[in-house]
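Read off the chains here:
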Amino acid sequence: MSFALMTGVTSDSETTARPQVARTRRFGRWSRPLLGLLVPLVLAVGWELAVRAGFSNGRLMPPPSVILQTLYDLAQSGELWRHSVATVLRVAVGFGIGVVAGTLLGALAGYSALTRRLLDPTLQALRAIPSIAWVPLFILWLGIFEASKVTLIAVGVFFPVYLGVMGAIMSVDRKIVEVGRAFRLSGFALVRRILLPAVLPSYIVALRSGLGLGWMFVVAAEFLGASEGLGYLLIDGQQLGKPAQIVAAIITFAILGKIADGLIVATATPFLRWEDRFGARGEPA
Amino acid sequence: MSEQRDMLVLDHVSKVYPNGVHALETVSVTVKPGEILAIVGGSGCGKSTLLRAVSGLDVASSGDVTLGGVTIHAPHEKIGIVFQEPRLLPWLTVADNVGFGLEDLSSAERETRVRAALARVGLADKASVWPRELSGGQAQRVALARALVPRPEVLLLDEPFSALDAFTRADLQDHLLDLWADSRPTLLLVTHDVDEAVVLADRVLVMRPRPGRIFEAIDCDLPRPRDRQSAAFDFAKRRVLAALDRSLDRKSQDHAETKADPGAAMWW
Ligand SMILES: Nc1ncnc2c1ncn2[C@@H]1O[C@H](COP(=O)(O)OP(=O)(O)OP(=O)(O)O)[C@@H](O)[C@H]1O
Ligand SMILES: [Mg+2]
């Protein structure tokens, strides 16, 4: 996914200056996602044909045409929009809270050994608890409505972000920090001009894994009694025996998740052009 | 700017690391403005420690480092440093790396100075590339430009060229002399390479380990530019090598060989 997005940015001057390279790159740009689509497409078309030909009635696993029809109907009636918005809002708020808390505490723990010794053991112990185990307590404390759901998501997002930020700060190369000191940077200036750029790549990774967990926990939260949201659509589809609705909701989750992740990557890419990574081979600089 | 410049004085500087190592013991040196001082000595004799004390990145356990009478306890704007590795910031372009210490200037002025500095080190065309796209020698030249562009009065260099091949190294030594001639900053150069010390320095300090102290100071007043092939050069080199041997309590070897075998001039 990051691949597709990153290859999307080829500067024009480069394309004209090096036609040979440009040709292979343009080919590469489309061939990669296309190759990735091949397997699901073959499976979908195969299943459609199998149901059409009568090898299966497709009741438990509806064929693609039925799923698309269901998606279309849900979209037409405005249901899809309503449920998606509810879910996206929960993820957004929970992600926001988790990121802010994780970044602050992670930065503190990474920057100051005292804070780390003070906080980290507790947080590591809390991390060992499967987050879902908190749910009954959250419901007791915060009720069954939005607050407990958002809290669960925020907890899920918090840990990867906290760990990522702390680890990233602690592993900033001492030699690079020394360059900052040699130019008489300290305190905030050192953070802004050395630490921040140095931790950015790992921070993006932490945000992306935090977001992934956010999507995971929103489903869990919505399973626990919600009247709207994509998780509600899943449960509803199960209780009413509508597999097409379940698959439609799953597909919506997948699309939303991809888009959200893509947004992070697209926002970060301009700031990470400098990266000298193994995985960056062949990507435009 | 060369009128009244500051004397760098190390006065009974000692450094004991927290683990108890006496890295420096009562080292006293006075460096004249514009002097090029090379520091050689066995591994672990405290050369880097000395340089770091002057840079203000570390502080001496006792004694004083002063520049023009002002005690150095933290990095100082008149003192620049070049490390063994280029240590360029990978997220800044070459030009922004060179301009890193010029944050206080207006961006127009910064740009002019950066452009001039890059042209001076022969990398004008690399201004907008990332550090990862440079060769080792180019990166070290950028590091040199970065340290020189704030116009320091004192430039510290800790084995700046030791990671480079012999050709690039000789090239950069000449280059450093050119740059030095522009504004004649005081240079303190730590090196393992006796050739390098003799090519560059006005004075070579030979250090001796455990505890680190100055064993001998050898004046090296050959006219510049110095011919690496000349007899006078060879003689100066042999004096330094002999002092090094004595500093390590080794019997003086016949340093006549050094001319025939360039590898032997690399003193480890
Ligand atoms: N941060 C440190 N903590 C403790 N001991 C140190 C530290 N840095 C250096 N030392 C010790 O101090 C002594 C001098 O070290 P220093 O790095 O100054 O040597 P050097 O002359 O630069 O050696 P080299 O030529 O190998 O670079 C050594 O014995 C070393 O082990
Ligand atoms: Mg050293």
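Structure first, text after, so check above.
This is a predicted model, so every value here is computed, not measured.

A. Here's a closer look at the overall build of chain B. When you go through chain B residue by residue, the secondary structure sums to eight helices and 10 strands. Dimensions of chain B, computed from C-alpha atoms along their principal axes, come out at roughly 60 × 45 × 40 Å. Taking all 268 residues of chain B together, 53% fall into the buried category. Within chain B, counting contacts between residues at least 6 apart in sequence, those at least 24 apart form 67% of the total. Seen as two clouds, the 32 positive and the 38 negative side-chain charges of chain B have centres 2 Å apart.

B. The arrangement of the sheet that holds strand E4 (residues 62-67) of chain B in detail. Residues and elements named next belong to chain B. Taken in spatial order, the four strands line up as E2-E1-E4-E5 in an open sheet, and their pairing is antiparallel. Every other strand in the sheet has two partners, leaving strand E2 (22-31) and strand E5 (70-71) as the edge strands with one partner each. Note that E4 and E5 share two bridges and pair antiparallel. Bridge pairing in E5 links Leu67 to Val70.

C. Examining the pairing of strand E10 (residues 213-219) of chain B more closely. Residue and element names in this part refer to chain B. Strand direction decides the pairing type here: strand E9 (residues 203-208) and E10, joined by six bridges, are antiparallel. Across the sheet, the residue bridging to Met207 is Ile214, located in E10. Between E9 and E10, which pair antiparallel and follow one another directly, the connecting turn spans four residues, one of which, Arg210, has a positive phi of 50°.

D. View of the interface of chain B and chain A. Each partner contributes residues to the interface: chain B has 21 residues there, and chain A has 20 residues. Three residues stand out in chain B for area buried against chain A, namely Trp91(B), Phe100(B) and Arg132(B), and they jointly supply 36% of the buried area on that side. Taken together, the links from chain B to chain A amount to five salt bridges. Note that Arg193(A) and Glu103(B) form a salt bridge whose closest N and O atoms lie 3.7 Å from each other.

E. Seen up close, the site of ligand 1. All names here are of chain B. Around ligand 1, the structure places 13 residues, and the nearest of them are Ser43, Gly44, Lys47, Ser48 and Thr49. One of the side-chain N or O atoms of Asn19 is found 3.3 Å from a nitrogen atom in ligand 1. Interatomic distance of 2.5 Å between a side-chain N/O atom of Thr49 and an oxygen atom of ligand 1. With the chains in place, 63% of the 630 Å² that ligand 1 exposes on its own is no longer accessible.

F. Geometry of the pattern of salt bridges. Evaluated as defined, the whole model comprises 26 salt bridges over all chains. A salt bridge links Asp195(B) to Lys237(B), with the shortest nitrogen-to-oxygen separation between them at 3.1 Å. Note that Asp195(B) is positioned in helix H6 (residues 194-200) and Lys237(B) in helix H7 (residues 231-247), a separation of 42 residues in sequence. Linked through salt bridges whose partners overlap, the residues forming this network are Arg174(A), Lys175(A), Glu178(A), Arg52(B), Asp58(B), Glu85(B) and Arg87(B).

G. Geometry of the sheet that holds strand E6 (residues 79-82) of chain B. Residue and element names in this part refer to chain B. In spatial order, the strands read E6-E7-E8-E3-E9-E10; together these six strands make up an open sheet with mixed pairing. The two strands at the open ends of the sheet, each matched to only one other strand, are E6 and E10. Strand-to-strand, the axes of this sheet are offset by a mean angle of 20°, without reference to chain direction. Where strand E3 (residues 36-41) lies against E9, five bridges are found, and the strand directions are parallel. Looking at the pairing, Val40 lines up with Val206 of E9. Strands E6 and strand E7 (154-158) of the sheet are contacted by helix H4 (residues 136-148), whose axis makes an angle of about 170° with E6.

H. View of the environment of Ile144(A). All names here are of chain A. Here Ile144 is to be found in the loop between helix H7 (135-142) and helix H8 (146-170). The spacing of Ile144 and Ala221 is 77 residues in sequence and 9.7 Å in space, taken between C-alpha atoms. In contact with Ile144, other than residues within four places in its own chain, are Ile139, Lys149 and Gly225.

I. View of the nonpolar core. Of all hydrophobic cores here, the largest spans 87 residues; its most connected members are Ile194(A), Trp215(A), Leu8(B), Leu156(B) and Leu188(B). Ranked by residues supplied to this core, first place goes to helix H10 (residues 187-223) of chain A with 14 residues. Ignoring sequence-local partners within four residues, the contact set of Leu156(B) consists of Leu51(B), Val54(B), Ser55(B), Ile79(B), Gly80(B), Ile81(B), Val82(B) and Leu188(B). Membership of the second largest hydrophobic core comes to 52 residues, among which are Leu148(B), Leu176(B), Trp180(B) and Val194(B).

J. View of H8(A). Residues and elements named next belong to chain A. Taking 1.5 Å of rise per residue, the 25 residues of H8 would be expected to cover 36 Å, and the 36 Å separating its terminal C-alpha atoms lies within 8% of that figure. At Phe158, H8 is deflected by roughly 25°, the largest bend along its length, and proline Pro160 occurs up to four residues later in sequence. Of all 25 residues that make up H8, 19 are buried, and the element is covered over most of its length.

K. Here's a closer look at the packing of helix H5 (residues 79-111) of chain A against helix H11 (residues 230-239) of chain A. All names here are of chain A. Between H5 and H11, the least distance of the axes is 7 Å, while the angle of their chain directions is 125°. Taken together, the axes of H5 and H11 are oblique relative to one another. Facing H5, whose interface residues are His83, Ser84 and Thr87, H11 presents Leu230, Gly231, Tyr232 and Leu233. Looking at the contact of H5 with H11 residue by residue, the classes come out as three nonpolar, four polar and no charged.

L. Spotlight on the environment of Ala201(B). All names here are of chain B. Take Ala201: it is sitting in the loop between H6 and E9. Placed 138 residues apart in sequence, Ala201 and Gly63 show a C-alpha to C-alpha distance of 25 Å. Dropping the residues within four chain positions of it, Ala201 is found in contact with Ile36, Leu37, Ala38, Cys220, Arg224 and Arg226.

M. Broad picture of a nonpolar patch on the surface. All names here are of chain A. Together, Leu35, Leu38, Val39, Val42 and Leu43 make up a nonpolar patch on the protein surface, roughly 530 Å² of accessible area in all. Within the fold, Val39 resides in helix H3 (residues 19-52). On the basis of relative accessible area, Val39 is assigned to the exposed category, the value being 57%.

N. Broad picture of the state of the cysteines. On inspection of all chains with the given rule, the structure shows zero disulfides over all chains. No disulfide involves Cys220(B); its sulfur sits 18 Å from that of Cys45(B), the nearest cysteine.

O. Up close: the packing of aromatic side chains. Inspection of the entire model under this criterion finds seven aromatic pairs over all chains. Considering the side-chain rings of Trp215(A) and Phe253(A), the 6.2 Å spacing of their centres and the 85° angle between planes classify their relative orientation as edge-to-face. Taken as a pair, Trp215(A) in helix H10 and Phe253(A) in helix H12 (residues 243-268) lie far apart in primary sequence, 38 residues in all. The cationic tip of Arg193(A) hangs over the ring face of Phe100(B); the distance from NZ or CZ to the ring centre is 4.0 Å.

Here is what the cut-offs are and how they apply
Residues numbered from 1 in each chain as written. Chains lettered and ligands numbered in written order. Predicted model: local features only at pLDDT ≥ 70, side-chain atom pairs only at ≥ 80, totals over all residues. Heavy atoms only, no water. Helix = DSSP H or I, 4+ residues; strand = E, 2+ residues; numbered from the N terminus. Buried < 20%, exposed > 50% of the residue type's maximum accessible area, 1.4 Å probe, protein only. Contact = heavy atoms within 4.5 Å. Lys, Arg positive; Asp, Glu negative; His and termini not counted. Charge placed at Lys NZ, Arg CZ, Asp CG, Glu CD. Pairing = 2+ DSSP bridges. Buried area = accessible area lost by both parts, 1.4 Å probe. Salt bridge = Lys/Arg side-chain N within 4 Å of Asp/Glu carboxyl O. Near = heavy atom within 4 Å. Polar contact = N/O pair within 3.5 Å; in protein donor to acceptor, adjacent residues only side chain to side chain. Areas by Shrake-Rupley, 256 points an atom, 1.4 Å probe, with all protein chains shown as cover. Axes fitted to C-alpha atoms, helices over the stretch in contact; angles between N-to-C directions. Core = buried A, V, L, I, M, F, W, Y, C linked by side-chain atoms within 4.5 Å. Expected span 1.5 Å × (residues − 1). Bend = angle between axes of the 7 residues up to and from the residue. Parallel < 35°, antiparallel > 145°, perpendicular 65-115°, else oblique. Nonpolar A, V, L, I, M, F, W, Y, C, P; charged D, E, K, R; others polar. Patch = residues over 30% accessible without salt bridge, like charges linked within 9 Å, V, L, I, M, F, W, Y side chains within 5 Å. Disulfide = S-S within 2.5 Å. Phe/Tyr/Trp six-rings, centres within 6.5 Å; stacked < 30°, edge-to-face > 60°. Lys NZ or Arg CZ within 6 Å of the ring centre and 35° of its normal.

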